[in-house]
Amino acid sequence: MKEVSIDQCAFLKRYRRHKIWIRITRVLILIAFFALWEISASYGLIDPFIFSSPSRLLSCGYELFTQQQLTHHIGITLFETLTSFLLVILCTLIIATLLWFCQSASEALEPYLVILNSLPKSALAPLLIVWLGGNYKTIILTGMSVAIFGSVLSLYHAFTHTDPEKLLLIRTLGGHRGHILWKIILPGNIPTLLNLMKVNIGLCLVGVIIGEFIAAKRGLGYLIIYGSQVFKLDWVILSILLLCMIAMALYQGIDRIERRYRRE
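Residues numbered from 1 in each chain as written. Predicted model: local features only at pLDDT ≥ 70, side-chain atom pairs only at ≥ 80, totals over all residues. Heavy atoms only, no water.

Participant: An account of the confidence of the model for the protein is requested, with residue identities and associated values reported.
Facilitator: Summarising the model, the protein shows a mean pLDDT of 88, and 98% of its residues fall at 70 or more. By mean pLDDT, helix α8 (residues 164–172) is the weakest element of the protein at 79, and helix α4 (residues 69–101) is the strongest at 93. (pLDDT = per-residue confidence, 0-100. Helix = DSSP H or I, 4+ residues; strand = E, 2+ residues; numbered from the N terminus.)

Participant: I'd like a rundown of the nonpolar core, residues and numbers included.
Facilitator: Considering soluble globular proteins, one finds that nonpolar side chains tend to be buried as a cluster. Counting residues in each nonpolar core, the largest one holds 50 residues, and the members touching the most others are Leu64, Phe85, Trp100, Ile185, Met197, Leu220 and Leu238. Those elements that place two or more of their residues in this core are α3 (54–66), α4, α7 (136–160), α8, α9 (177–188), α10 (190–215), α11 (220–229) and α12 (233–263). The residues touching phenylalanine 85, leaving out its near neighbours within four places in the chain, are Met197, Asn200, Ile201, Cys204 and Ile254. (Core = buried A, V, L, I, M, F, W, Y, C linked by side-chain atoms within 4.5 Å. Buried < 20%, exposed > 50% of the residue type's maximum accessible area, 1.4 Å probe, protein only. Contact = heavy atoms within 4.5 Å.)

Participant: Describe in detail the environment of threonine 66, supporting the description with residues and values.
Facilitator: Topologically, threonine 66 is positioned in helix α3. Taking the C-alpha atoms as reference points, threonine 66 and phenylalanine 213, 147 residues apart in sequence, are found 24 Å from one another. Engagement of the side chain of threonine 66 in a polar contact is seen with the backbone oxygen of glutamate 63, the distance being 2.8 Å. (Polar contact = N/O pair within 3.5 Å; in protein donor to acceptor, adjacent residues only side chain to side chain.)

Participant: Just give me the short version of α3, but keep the residues and values in it.
Facilitator: The end-to-end C-alpha distance of α3, which contains 13 residues, comes to 18 Å, matching closely the 18 Å that a straight helix rising 1.5 Å per residue would cover. Buried within α3 we find Pro54, Leu57, Cys60, Gly61 and Leu64. Along the long axis of α3, the arc covered by the buried residues comes to 120 degrees, so they all point the same way. Of the exposed residues in α3, the ones pointing more than 90 degrees away from its buried face are Leu58 and Tyr62. Buried positions along α3 lie against α1 (6–42), α4, α11 and α12. Of the residues one or two after α3, glutamine 68 is the one with positive phi, at around 60 degrees. (Expected span 1.5 Å × (residues − 1). Arc of directions from axis to C-beta.)

Participant: For the packing of aromatic side chains, give the residues involved together with the corresponding values.
Facilitator: Here the structure, examined in full by the defined rule, presents 8 aromatic pairs. On the basis of an interplanar angle of 25 degrees and a centroid distance of 5.9 Å, the ring pair of phenylalanine 34 and tryptophan 37 is categorised as stacked. Taken together, the residues phenylalanine 34 and tryptophan 37, both in helix α1 and 3 residues apart, mark about one turn of the helix. A relative accessible area of 28% means that phenylalanine 34 is categorised as partly exposed. Judged by relative accessible area, tryptophan 37 falls into the buried class, the value being 12%. One aromatic cluster in this structure is built from Phe33, Phe34 and Trp37. (Phe/Tyr/Trp six-rings, centres within 6.5 Å; stacked < 30°, edge-to-face > 60°.)

Participant: How would you sum up the packing of α3 against α12? Please name residues and give values.
Facilitator: As a packed pair, α3 and α12 sit with axes 10 Å apart at the nearest point and diverge in direction by 85 degrees. Between α3 and α12, the crossing angle belongs to the class labelled roughly perpendicular. Here α3 contributes Arg56, Leu57, Cys60, Gly61 and Leu64 to the contact with α12, which in turn contributes Asp234, Trp235, Ile237, Leu238 and Leu241. The class makeup of the residues in the contact of α3 with α12 is 7 nonpolar, 1 polar and 2 charged. (Axes fitted to C-alpha atoms, helices over the stretch in contact; angles between N-to-C directions. Parallel < 35°, antiparallel > 145°, perpendicular 65-115°, else oblique. Nonpolar A, V, L, I, M, F, W, Y, C, P; charged D, E, K, R; others polar.)

Participant: Go over unusual backbone geometry, please, and point to the residues and values.
Facilitator: With a phi angle near 60 degrees, serine 52 is a residue other than glycine that sits in the positive phi range. On the basis of relative accessibility, which here comes to 0%, the residue serine 52 falls in the buried class. The backbone of phenylalanine 231 shows a phi angle near 60 degrees, a positive value even though the residue is not glycine. In this structure, phenylalanine 231 sits in the loop between α11 and α12. For phenylalanine 231, a relative accessible area of 55% puts it in the exposed group.

Participant: Tell me about α11, and name the residues and values.
Facilitator: Leu220, Gly221, Leu223, Ile224 and Gly227 are the residues of α11 that are buried. All buried residues of α11 lie within an arc of 160 degrees about the axis, which places them on one face of the element. Taken together, the buried residues of α11 touch α3, α4, α10 and α12. Downstream of α11 by a residue or two, phenylalanine 231 has a phi angle that is positive, lying close to 60 degrees.

Participant: Give me the side chain of serine 52: which residues, what numbers.
Facilitator: Mapped onto the secondary structure, serine 52 falls in the loop between α2 (48–51) and α3. For serine 52, the side chain forms a polar contact with the side chain of aspartate 234, separated by 2.7 Å. Among residues more than four places away in sequence, those in contact with serine 52 are Trp37, Ala41, Ile46, Asp47, Leu57, Asp234 and Ile237.

So, in structure tokens, the structure goes:
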């Protein structure tokens, strides 16, 4: 085994101390934010009815949890988000591969993909509701619409910019386009796909919430809209905080998958 030098040991210790300090700083910032929020609400610096407070949110969350409403709404939003995310990844792989196989089709369709990617997806949601009805399928499709076009363009662009020397080598050895796809293109673009997954999980959550704003009768998006309509702002702020936690948890999950892949 290689011996680690004194300088390397010192560097590793400094690096570990730095990472620990960063984690502690993040926690302290979060604690300070909630403490300042609670104190401001308690002493009347902000209106607790409008801005709520951590203690009110805990009470509201406990009440909704005991009534089994909170877990139900969270579960619905998670189901719709993960379903739309998985469908986006599957469709992205299929469409990008087909475009790579057929250069003429990719040249013809590229401007339309760019236009659809630039279109505000909130404009599509009302149409999807009219076409498909106000159900979970419409919300999943809305979540997909936010992420899929940009994802296809990015993955196809990565496919077309794969190392040309590797492509030349496999052609020299007698390989056809199927060999190039399975041996070079797909394995070489797994890091790109993982990066797209990290972006798409957040975009799918955004799309699902847009759909729930308009069409849902359950889910955190519905809870936000309903809470704002009946002036239960504790529900609104609690739902927003839960969405932040969900987004962070989903991103961290994919980030761990990426780190494990890079270590292998």
